[in-house]
Amino acid sequence: MSKIAHSFFSNAEATPDKTALWFEGLSLTYRELADTVRRLSEAMAAQGVCRGDHIGVLLPNCVEFVTLMLTAANMGTVLVPLNTTLPPSAVRQSFLAADVKHIVAASQILVDLIPFKNTDLSFIDGFWLAVGDELKDAASMAAVYYNQAPDSDPMFSVQEEDPFILTMTSGSTGDPKPIVLTQRTKYNRASAAKDLYGITSSDRILAATPLYHSLAERLVLIPLIFGGTSILMARFSPSEWLRCVEKQAVSFTIAVSSQLRQIAECLSTDRNTSISSLRCVVSSSAQLESHFKTELLLKLHCEFHECYGTSEIAIASSLEGSSDISKLQSVGKAAPGVDIRILRDNGQTADVDEHGEIACKTPMIFGGYYKRPDLTEAAMCGDYFRTGDIGKIDGEGYLYYLGRTKDIIITGGINVYPKDIESVLLEHSDISECAAFAFPDDKLGEIIAVALVLKDTADVDLRKIRHYCAERLADFQQPRKYCFLKELPKNGMGKIIKRSLPAFCGIELQET
């Protein structure tokens, strides 16, 4: 049996009446959740599911998703979760690349896929399981597992190196790159987070990001592995997040930076909500500006951390807000057991404060890209994973994130890092969000363009913004084109999709 399943079932035996999972008003004890996992394991086995089978998952955050993760850990099956908003063509590409044999999906999503069951999706020749309303051409998950006995033992001999989840890289629908996360990797990542943030069985841990992403999966599994309580939100809003923290006495969470910006703003206007239960909050997915970290330290009244990492390596560095107060522009030092290097273009290690590609050696590394040894080999430099991110390490070992390699703007032969421009613009009192990106230019090759989202009460005054930039940025860093938007294009984790910015801005781009 895997460590994940073994730990969960051990907790169910030790504390059967303790709340294991809370979801939108529904609470399940460890006994109830364990019984459901056993029932579903039996039901899936009866449907012909075998160890190693790949199961496509198209579910919103729900109890069934959590049950499915524990069932996969129990049986040795492999989950392939996707963003539920993908069109059928993108679902086909991703499931085909991941060798999906079975599918579990919300009924409203499955309705749109069933017409392709015997054509474009005919390679999914196993069972089709619907969560929600019953459908004519798919089995109902509830009907299937409720017919099974809850007292069966695990059926398969799961190995720690068995693949557990294949997660897609962000925005990889054109050329899907499934990231292999093994049972061992998922357990190690949960264990590392437990040690890094001092998590215990008394913690009530909140997941408020989509479960198709590895962050939310880890947040749900950590308490179930180590005997705590998992709190799951269906979807995020800052006001609901605050209410959930208060009502459910949440003590720990990892939130994406875009969520924390909204939460901080909500805290400024909602002074009646108590979040005193919070022991520790971690910011993830995109770096926060240093002044915003200072603001959060004042408003959250708990431990505040920021982490840097990728889906392939999980948490690589950690910043502890209070003790690292003089280093808030960084993303902290290497996490325990992790070694971080900055690589030059030739693969040699860069000097202190020298810019280069961030590379990490970690026991939490992924198992490679599924069936893409070429991509896996290209992503490695010996034992170090090349992140594709640009950064530097100072003399005290603090890592500074400067942006994606592919996002560097080369204007007149000079490398410009978007992060440097964005950090300055975000200190402007009228600017809520911004993103700097490259725009083609006949003379310089590329010039700097910026997309700006203004605060609600702000009026557009391009001349003042240009003057602001002229005072604070070098000549080669000056934006030459501006676009004012209501919102920036983002993925489900709140990361800005920079490749979409030129098309997103369209003819609204204005030349200075």
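Before reading on, note that the structure itself is shown above.
Before going into details, it helps to say that this report is about the structure given with it. What you are looking at is a predicted structure, and each value in this text was computed from that prediction instead of being measured.

Criteria and cut-off values
Residues numbered from 1 in each chain as written. Predicted model: local features only at pLDDT ≥ 70, side-chain atom pairs only at ≥ 80, totals over all residues. Heavy atoms only, no water. Helix = DSSP H or I, 4+ residues; strand = E, 2+ residues; numbered from the N terminus. Rg over C-alpha atoms; globule rule 2.2 N^0.38 Å. Buried < 20%, exposed > 50% of the residue type's maximum accessible area, 1.4 Å probe, protein only. Contact = heavy atoms within 4.5 Å. Areas by Shrake-Rupley, 256 points an atom, 1.4 Å probe, with all protein chains shown as cover. Lys, Arg positive; Asp, Glu negative; His and termini not counted. Charge placed at Lys NZ, Arg CZ, Asp CG, Glu CD. Pairing = 2+ DSSP bridges. Phe/Tyr/Trp six-rings, centres within 6.5 Å; stacked < 30°, edge-to-face > 60°. Lys NZ or Arg CZ within 6 Å of the ring centre and 35° of its normal. Axes fitted to C-alpha atoms, helices over the stretch in contact; angles between N-to-C directions. 1 Å grid on protein atoms, 1.4 Å probe; cavity = no way out; pocket = protein on both sides within 12 Å on 5 of 7 lines; lining within 4 Å. Points joined across faces, edges and corners; volume = space filled by probe spheres on them. Nonpolar A, V, L, I, M, F, W, Y, C, P; charged D, E, K, R; others polar. Salt bridge = Lys/Arg side-chain N within 4 Å of Asp/Glu carboxyl O. Expected span 1.5 Å × (residues − 1). Disulfide = S-S within 2.5 Å. Polar contact = N/O pair within 3.5 Å; in protein donor to acceptor, adjacent residues only side chain to side chain.

Along the protein, the regular secondary structure elements total 15 helices and 27 strands. Its C-alpha radius of gyration of 23 Å places the protein within 12% of the 24 Å reference for a compact globule of 512 residues. Considering only C-alpha atoms, the protein reaches an extent of 70 × 50 × 45 Å along its principal axes. The buried share of the protein, reckoned over its 512 residues, is 55%. For the protein, the share of sequence-separated contacts (at least 6 apart) that also reach a separation of at least 24 residues comes to 66%. Surface exposure of the protein reaches about 21,600 Å², of which carbon and sulfur atoms provide 47%. Looking at charge distribution, the protein has the averaged site of its 50 positive side-chain charges lying 1 Å from that of its 64 negative ones.

For the rest of this paragraph, the subject is the pairing of strand 20 (residues 384–393). Summarising burial for strand 20: eight of the 10 residues are buried, a large majority. Pairing of strand 18 (residues 356–361) with strand 20, which is carried by four bridges, proceeds in the antiparallel orientation. If you follow Cys360 over to strand 20, its bridge partner there is Phe385. In terms of strand pairing, strand 19 (residues 380–381) meets strand 20 through two bridges, oriented antiparallel. Residue pairing for strand 20: Cys381 is matched across the bridge by Tyr384. Joining the antiparallel neighbours strand 19 and strand 20 is a turn of two residues, in which Gly382 adopts a positive phi near 70 degrees.

The next point concerns the packing of aromatic side chains. A complete count under the given rule lists seven aromatic pairs for this structure. A centroid spacing of 5.5 Å and a plane angle of 35 degrees characterise the contact between Tyr197 and Phe252, whose relative ring orientation is tilted. Of this pair, Tyr197 sits in helix 7 (residues 183–197) while Phe252 is found in strand 12 (residues 252–256), placing the two residues 55 residues apart along the sequence. As far as burial versus exposure is concerned, Tyr197 and Phe252 are alike and both buried. Taking the centre distance of 5.5 Å and the plane angle of 75 degrees together, the rings of Phe366 and Phe385 count as edge-to-face. With Phe366 in the loop between strand 18 and helix 12 (373–378) and Phe385 in strand 20, this residue pair connects regions lying 19 residues apart in the sequence. For the pair formed by Phe366 and Phe385, the shared burial category is buried. One aromatic cluster is present, built from ring pairs that chain together Phe8, Phe9 and Tyr30. One residue, Arg261, lies across the ring of Phe292, its end atom 5.9 Å from the ring centre.

On the basis of which strands lie adjacent, the open sheet formed by nine strands has the order 2-1-11-10-12-13-14-15-16 and mixed pairing. In this open sheet, the two edge strands, each paired with only one partner strand, are strand 2 (26–29) and strand 16 (333–334). Taken strand by strand, helix 9 (residues 238–247) contacts strand 1 (19–23), strand 10 (204–207), strand 11 (229–232) and strand 12, and its axis lies near 165 degrees from that of strand 10. Docked against the sheet, helix 10 (residues 257–269) engages strand 12, strand 13 (280–284) and strand 14 (303–310), running at close to 105 degrees with respect to strand 12.

Here the second largest pocket defines a volume of roughly 750 Å³. Looking at the second largest pocket, it is lined by 26 residues, and the ones nearest its centre are Arg261, Glu265, Ser432, Glu433 and Lys455. Of all elements in the fold, only helix 10, helix 11 (290–300), strand 24 (431–441) and strand 25 (445–454) reach the threshold of two or more residues within the lining of the second largest pocket. Per-element accounting of the lining of the second largest pocket gives the leading share, six residues, to helix 10. Class assignment for the residues of the lining of the second largest pocket results in nine nonpolar, six polar and 11 charged.

Scanning all chains against the criterion turns up 24 salt bridges. Residue Glu396 pairs with Lys327 through a salt bridge whose shortest N-O separation is 2.8 Å. With Glu396 in the loop between strand 20 and strand 21 (399–404) and Lys327 in the loop between strand 15 (314–320) and strand 16, this pair connects stretches of sequence that are 69 residues apart. Taking relative accessible area as the criterion, Glu396 reaches 51% and is therefore assigned exposed. Between Asp351 and Arg344 there is a salt bridge, with its nearest N and O atoms 3.3 Å apart. Salt bridges linked by common partners bring Lys327, Asp394 and Glu396 together as one network.

This brings us to helix 3 (residues 63–75). The end-to-end C-alpha distance of helix 3 is 18 Å, a good match for the 18 Å that 13 residues give at a rise of 1.5 Å each. Of all 13 residues making up helix 3, 12 are buried, and the element is well covered by its neighbours. All buried positions along helix 3 are accounted for by Val63, Phe65, Val66, Thr67, Leu68, Met69, Leu70, Thr71, Ala72, Ala73, Asn74 and Met75. Phi turns positive, to about 85 degrees, at Gly76, one or two residues after helix 3.

Mapping Thr185 onto the fold places it in helix 7. Residue classification places Thr185 among the buried residues on the basis of a relative accessible area of 7%.

Tallying each qualifying case throughout the model produces zero disulfides. Counting only cysteine sulfurs, Cys280 is the nearest neighbor of Cys307, a cysteine outside any disulfide, at a range of 10 Å. The class of Cys307 is buried, set by a relative accessible area of 10%. Just so you know, Cys483 is unpaired, no disulfide at all, and the nearest cysteine sulfur is the one on Cys505, 3.3 Å from it.

Here Ala90 shows up in helix 4 (residues 88–97). By relative accessible area, Ala90 is classed as buried at 5%. When the C-alpha positions of Ala90 and Pro176 are compared, they lie 9.0 Å apart, and in sequence the two are 86 residues distant.

Within the secondary structure, Gln478 is located in the loop between helix 14 (462–472) and strand 26 (481–484). The buried category is assigned to Gln478, whose relative accessible area is 10%. Within the local environment of Gln478, its side chain forms a polar contact with the backbone oxygen of Cys469, the two atoms lying 3.0 Å apart. At 3.3 Å, the side chain of Gln478 forms a polar contact with the backbone oxygen of Ala474. Setting aside residues no more than four positions away along its own chain, Gln478 makes contact with Ile448, Arg466, Cys469, Ala470 and Leu473.

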